[in-house]
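One letter stands for each residue in the lines below.
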Amino acid sequence: MPASVLKTNVNTKSPEFEKNTRRMVELLTQIKNEEEQIRQGGGAKAIESQHKKGRLTARERIAKLIDPGAQFFELGGFAAYEMYEEWGGAPSAGTVTGLARVSGRTFMIIANDATVKAGAFFPMTAKKVIRAQNIAIENHIPTVYLVDSAGIFLPLQEDVFPDTDDFGRVFRNNAVMSAMGIPQLAAIMGMCVAGGAYLPVMCDHILMTEGSGLFLAGPALVQAAIGQKTSAEDLGGAKMHAQISGTVDFREPDDDACIARIRALADKMGAANPAPFSHIASRAPVHSAEEIYGIFSGDPAKQYDMREIIARIVDASEFEEYRAEYGETVLCGYARIGGWAVGIVANQKKHVQTLARGSDQKRLEFGGVIYTESAEKAARFILDCNQNRVPLIFLHDVNGFMVGKDAEWSGIIRAGAKMVNAVANSVVPKIAVICGGSFGAGHYAMCGKAYDPRFILAWPTARYAVMSGDAAAGTLVEIKLKQLEREGKKVDEKAKKELYESVRATYEHQTDPRYAAARLWVDAIIDPAHTREALIQALEAAALNPDIAEFKTGVLQT
């Protein structure tokens, strides 16, 4: 094998491998069962009601819209998970978003799910649509809106209406996308009322099915406001908008005809400008992706070699490792994924025996921790990737930066700031995958959500917080005990233990990837064995944007 091909030392028969595999399969089964439940939307009765109106559900529409055999890469599927339960819940935030090929071209698809509260916008619905639009803006992805919504969910209007990540931002994004030359097609396939009526009218193409309604105020509100009696069809039906107002471009008899028209329009769009990133024919990894289940350990106390994970993601398992013998708790190197050249920055979870900085004394560096040398290496590597127009992939399993006197003396804050600066100012596409822990400033340095990754994905084993559950529980309990002591209250060991377990359980729940996905901190929870496929779809989407800004870092602490 060439030197750049990663060799494997995995024993697939070991008890540890089998234990890890069982744990991962259990988590995946749980996630997939919950995903299937979410896909039911508002439930069987709501689906039946939609069908009685002669309309398809959001997911049925998407299935007919995308190319035969094409995969729908759903984004935000867990949005609003375990939220709004006092209102009966809002599965997937009442809207379905994701990427797929339509007439051979990648599109962002945003579809209201009318089986969930008539497609009304909850606070997370607006945020989910805006996140999908932002992905489309960052990557220049043509977008299709399948509109079937009753507008804002009025009981929560104060959380939906006014802010920069609320309902109005959707229409602002429509205008911005149009000005950027990003094609937008909107199909009104049900109700489209009040402020929501602006969305389709701000798109490039407007289609509308018979029986749908497009108006700023419905018949009841019109009568209450100005005393005028009118039918929904006369007020804002498809025929009226096609023949009288001239608002819609295409009037279609039903969902099937409307979807066929969208596909026909998409087929005639001009080609996107060529991507500036290196791309050649794809080659499969040498090693099986399913082995990731047994290699990865979600136990923070366990070690594993992140190179074994990389070997099962990259083309031909080839990895040109950068400064392999320096700063070894962060792996950096060049590879290809699906033929696309990438730079990989990954946390190494194996402990490393090295020499202390500025001496010949041996020291042990803990896996998953970013030390001064590894931060400096990563910062320099990120600069190289920007210089050479190479997209960046970040693989997270990080506890944070090293602390203590030795770390401070070595300049850990300065080195960490340098890495954060390089990540923040990167102009090439950044894609993050949270494999295990992603804690504290380590999350930021590894391109967390606040650092504009084009996509941020998570495995079921991901943990996402300021610190781990055990550390947080210990800290929070200590604070609580001191507060009780100041109040003159004594707490026995049993009460201390109960308090610790209560705090730990709450914190662990909040570090779960579903909690993060519910709030759109991650775009999707993916099967680790499908990481390569998800990254290929993300890279293909990112390549649609040919524009790369000038790379500047500003002041770097050296």
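Structure report, in brief. All values derive from a computational prediction rather than experimental measurement.

### Regarding the packing of aromatic side chains
Piece 1. One pass over the structure, following the stated rule, counts 14 aromatic pairs.
Piece 2. Summarising the aromatic geometry, the rings of Tyr464 and Trp521 are spaced 6.1 Å apart at their centres and angled 75° between planes, so their arrangement reads as edge-to-face. With Tyr464 in strand 19 (residues 463–465) and Trp521 in the loop between helix 19 (513–518) and strand 20 (524–525), this residue pair connects regions lying 57 residues apart in the sequence.
Piece 3. What makes Trp521 partly exposed here is its relative accessible area of 34%.
Piece 4. Aromatic ring contacts, followed pair by pair, group Tyr84, Trp87, Phe122 and Phe153 into a single cluster.
Piece 5. One cation-aromatic arrangement involves Lys405 over Trp409; the distance from NZ or CZ to the ring centre is 5.1 Å.
Piece 6. Over the ring of Tyr515 we find Arg519, and its NZ or CZ is 3.5 Å from the ring centre.

### Some details on the side chain of Glu376
Piece 1. Relative to the elements of secondary structure, Glu376 occurs in helix 13 (residues 372–387).
Piece 2. Of the residues examined, Glu376 reaches a relative accessible area of 16% and is grouped as buried.
Piece 3. Excluding anything up to four places from it in sequence, Glu376 contacts Tyr326, Arg357, Ala415 and Lys418.

### A look at the packing of helix 4 (residues 123–139) against helix 5 (residues 167–179)
Piece 1. At their nearest, the axes of helix 4 and helix 5 sit 9 Å apart, and the two run at 20° to each other. Looking at the two axes, helix 4 sits roughly parallel to helix 5. Taken as a pair, helix 4 and helix 5 cross one another with a handedness that is left-handed. Touching Ala126, Val129, Ile130, Gln133, Asn134, Ala136 and Ile137 of helix 4 are Phe167, Arg169, Val170, Asn173, Asn174 and Met177, all from helix 5.
Piece 2. Grouping the constituent residues of the contact of helix 4 with helix 5 by class yields eight nonpolar, four polar and one charged.

### Some details on the packing of helix 3 (residues 58–65) against helix 10 (residues 255–267)
Piece 1. Close contact between helix 3 and helix 10 brings their axes to 9 Å; oriented N to C, the two are set at 45°. By the angle class used here, helix 3 and helix 10 are oblique. In the crossing of helix 3 with helix 10, the sense of the turn from one axis to the other is right-handed. Residue-level inspection shows Arg61, Lys64 and Leu65 of helix 3 in contact with helix 10, the latter providing Asp255, Asp256, Ile259, Ile262 and Arg263.
Piece 2. Counted by class, the contact of helix 3 with helix 10 contains three nonpolar, no polar and five charged residues.

### As for unusual backbone geometry
Piece 1. The residue Ala93 is not glycine, and still its phi comes out positive at about 60°.
Piece 2. Along the polypeptide, Ala93 turns up in the loop between strand 1 (73–75) and strand 2 (95–102).
Piece 3. We classify Ala93 as buried; its relative accessible area is 0%.
Piece 4. Phi angles above zero are rare outside glycine, and Ser103 is one such case at about 55°.

### Side note on the environment of Glu325
Piece 1. On the secondary structure map, Glu325 appears in the loop between strand 9 (320–321) and strand 10 (330–337).
Piece 2. Glu325 sits 251 residues away from Glu74 along the chain, and the two C-alpha atoms are 39 Å apart.

### Brief notes about the environment of Ala424
Piece 1. Within the secondary structure, Ala424 is located in helix 15 (residues 412–424).
Piece 2. Sequence spacing of Ala424 and Glu16 is 408 residues, and the spatial spacing of their C-alpha atoms is 38 Å.
Piece 3. For Ala424, the contacting residues outside a window of four places in its chain are Lys430 and Tyr451.

### Things to note about the nonpolar core
Piece 1. Counting residues in each nonpolar core, the largest one holds 77 residues, and the members touching the most others are Ile310 and Ile344.
Piece 2. Here the element with the most residues in this core is helix 4; it accounts for seven residues.
Piece 3. Within the second largest apolar cluster, 55 residues are counted, among which are Val330, Ala445, Tyr451 and Val522.

### Regarding the pairing of strand 11 (residues 340–347)
Two faces belong to every sheet, and in a regular strand the side chains alternate between them.
Piece 1. Across the eight residues of strand 11, eight count as buried, placing the element largely inside the fold.
Piece 2. Taken together, strand 10 and the strand that follows it, strand 11, pair antiparallel across an intervening segment of two residues, in which Gly338 is found at a positive phi of about 65°.
Piece 3. Note that strand 11 and strand 15 (residues 392–398) share four bridges and pair parallel. When the bridges of strand 15 are listed, Val345 appears paired with Phe394.

### Considering the side chain of Asp384
Piece 1. If you trace the backbone, Asp384 turns up in helix 13.
Piece 2. Residue Asp384 is classed as buried on the basis of its relative accessible area, which comes to 17%.
Piece 3. Among residues more than four places away in sequence, those in contact with Asp384 are Tyr322 and Tyr334.

### Side note on helix 10
Piece 1. Relative to the 18 Å expected for 13 residues at 1.5 Å per residue, helix 10 spans 18 Å between its end C-alpha atoms, a close match to the ideal helical length.
Piece 2. Turning to helix 10, its buried residues are Asp255, Cys258, Ile259, Ile262, Leu265 and Ala266. For helix 10, the angular spread of buried residues about the axis comes to 120°, placing them on one side.
Piece 3. With a side-chain oxygen lying 3.3 Å from the backbone nitrogen of Asp256, the N-terminal cap of helix 10 falls on Asp254.

Calculation notes
Residues numbered from 1 in each chain as written. Predicted model: local features only at pLDDT ≥ 70, side-chain atom pairs only at ≥ 80, totals over all residues. Heavy atoms only, no water. Phe/Tyr/Trp six-rings, centres within 6.5 Å; stacked < 30°, edge-to-face > 60°. Helix = DSSP H or I, 4+ residues; strand = E, 2+ residues; numbered from the N terminus. Buried < 20%, exposed > 50% of the residue type's maximum accessible area, 1.4 Å probe, protein only. Lys NZ or Arg CZ within 6 Å of the ring centre and 35° of its normal. Contact = heavy atoms within 4.5 Å. Axes fitted to C-alpha atoms, helices over the stretch in contact; angles between N-to-C directions. Parallel < 35°, antiparallel > 145°, perpendicular 65-115°, else oblique. Left-handed = near helix turned anticlockwise from the far one by under 90°. Nonpolar A, V, L, I, M, F, W, Y, C, P; charged D, E, K, R; others polar. Core = buried A, V, L, I, M, F, W, Y, C linked by side-chain atoms within 4.5 Å. Pairing = 2+ DSSP bridges. Expected span 1.5 Å × (residues − 1). Arc of directions from axis to C-beta. Polar contact = N/O pair within 3.5 Å; in protein donor to acceptor, adjacent residues only side chain to side chain.

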